[in-house]
Amino acid sequence: MSAPRAAVITCSTRAATGVYEDKGGPQITAALREWGLDAADPVVVADGEAVTKAIAAALDERPAVLITTGGTGLTPTDRTPEATAPFITQEVPGIAEALRAAGIAGGVPAAMLSRGITGLAGSTLVVNLPGSSGAVRDGLAVLGPVMPHILSQIGGGDH
């Protein structure tokens, strides 16, 4: 049986234009692979309409998991949650709440400013992580322990 597939999208105009190197996307991809998923290299897109198009393209491939990084803050170009929301068929707010709570508990009060959302898009779990590599690291620490249960549940497993 083949490994569940996963997709990663980095939503950052600065990373897409080469102002700085994408660090969060590769962190996510490495973690997904460690967790046994077949994760493609991250797709890096500029903020705005490119995020919506990248999410649609990724979901067309029907991965088990799609994780975005970036675009969840308060700046005018941070629109990843708005790009994600139309694809969500079932909300899973507890994951987003746990991500923010872990950041705050870890001494990062600004974690409460993340507007990232989580939910199912059909049978794909979609998670918006913030763009900083620290927030990605912290978010992966939250997701890792529950990922086997998530994959079981979206695959039709019992509780």
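Keep in mind it's a predicted model, so treat the numbers as computed, not measured.

**Student:** Got a minute to help me understand the environment of Asp22 in this structure?
**Tutor:** If you trace the backbone, Asp22 turns up in the loop between helix H1 (13–16) and helix H2 (24–34). Considering only alpha carbons, one finds Asp22 and Val43, 21 residues apart in sequence, at a separation of 9.9 Å. Excluding anything up to four places from it in sequence, Asp22 contacts Thr10, Ala15, Pro42 and Val44. A polar contact of 2.9 Å, which involves the side chain of Asp22, links it to the side chain of Thr10. Of note is the side chain of Asp22, whose polar atom sits 3.0 Å from the backbone nitrogen of Gly25.

**Student:** How do you make sense of the packing of helix H5 (residues 93–105) against helix H6 (residues 133–143) when you look at a structure like this?
**Tutor:** The packing of two helices is summarised by the inter-axis angle and the distance between the axes. Here H5 crosses H6 at 125 degrees, and the two axes come no closer than 9 Å. The angle between H5 and H6 places the two elements in the oblique class. Handedness of the H5/H6 crossing: right-handed. Contacts from Ile95, Ala98, Leu99 and Ala102 in H5 reach Gly139, Val142 and Leu143 in H6. Per-class residue counts for the contact of H5 with H6 are six nonpolar, one polar and no charged.

**Student:** How should I be thinking about the pairing of strand E4 (residues 65–69) in this particular structure?
**Tutor:** Side chains on a regular strand alternate between the two faces of the sheet. Of all five residues making up E4, five are buried, and the element is well covered by its neighbours. Going residue by residue along E4, you find Val65, Ile67 and Thr69 tucked away on one face and Leu66 and Thr68 tucked away on the opposite face as well. Summarising the sheet, strand E1 (residues 5–11) and E4 pair through five bridges and their orientation is parallel. Following the sheet pairing, Ala6 is matched in E4 by Val65. Across five bridges, E4 lies against strand E7 (residues 124–129) in parallel orientation. Residue pairing for E7: Thr69 is matched across the bridge by Leu129.

Thresholds applied
Along each chain, residues carry numbers from 1 onward, in the same order as the chain's sequence is written. Whole-chain, interface and lining totals are the exception, using all residues; otherwise, since this is a predicted model, local features are given only for residues with pLDDT of at least 70 and side-chain atom pairs are given and counted only at 80 or more. Hydrogens and water are ignored here; the side-chain numbers use all heavy atoms of the structure. Where helices and strands are cited, they refer to DSSP runs of H or I of at least four residues and of E of at least two residues respectively, numbered from the N terminus. It only takes one pair of heavy atoms within 4.5 Å for two residues to be counted as in contact. In protein, a polar contact requires one atom able to donate a hydrogen and another able to accept it; more generally it is a pair of N or O atoms within 3.5 Å, and residues adjacent in sequence count only if both atoms are side-chain atoms. The convention used is that axes are lines fitted to C-alpha atoms, helices contributing only their stretch in contact, and that angles between N-to-C directions extend from 0 to 180 degrees. The scheme is simple: roughly parallel for angles under 35 degrees, roughly antiparallel for over 145, roughly perpendicular for 65 to 115, oblique for anything else. Helix crossings get a hand from a simple test, with the near helix turned counterclockwise from the far one by less than a right angle marking a left-handed crossing and a clockwise turn marking a right-handed one. Side-chain classes are defined by residue name, with Ala, Val, Leu, Ile, Met, Phe, Trp, Tyr, Cys and Pro counting as nonpolar, Asp, Glu, Lys and Arg as charged, and the others, Gly among them, as polar. Any residue under 20% of the maximum accessible area for its type is buried, any over 50% is exposed, and the rest in between are partly exposed; the area is computed with a 1.4 Å probe on protein chains only. Here, a strand pair is defined by DSSP locating no fewer than two bridges between the strands.

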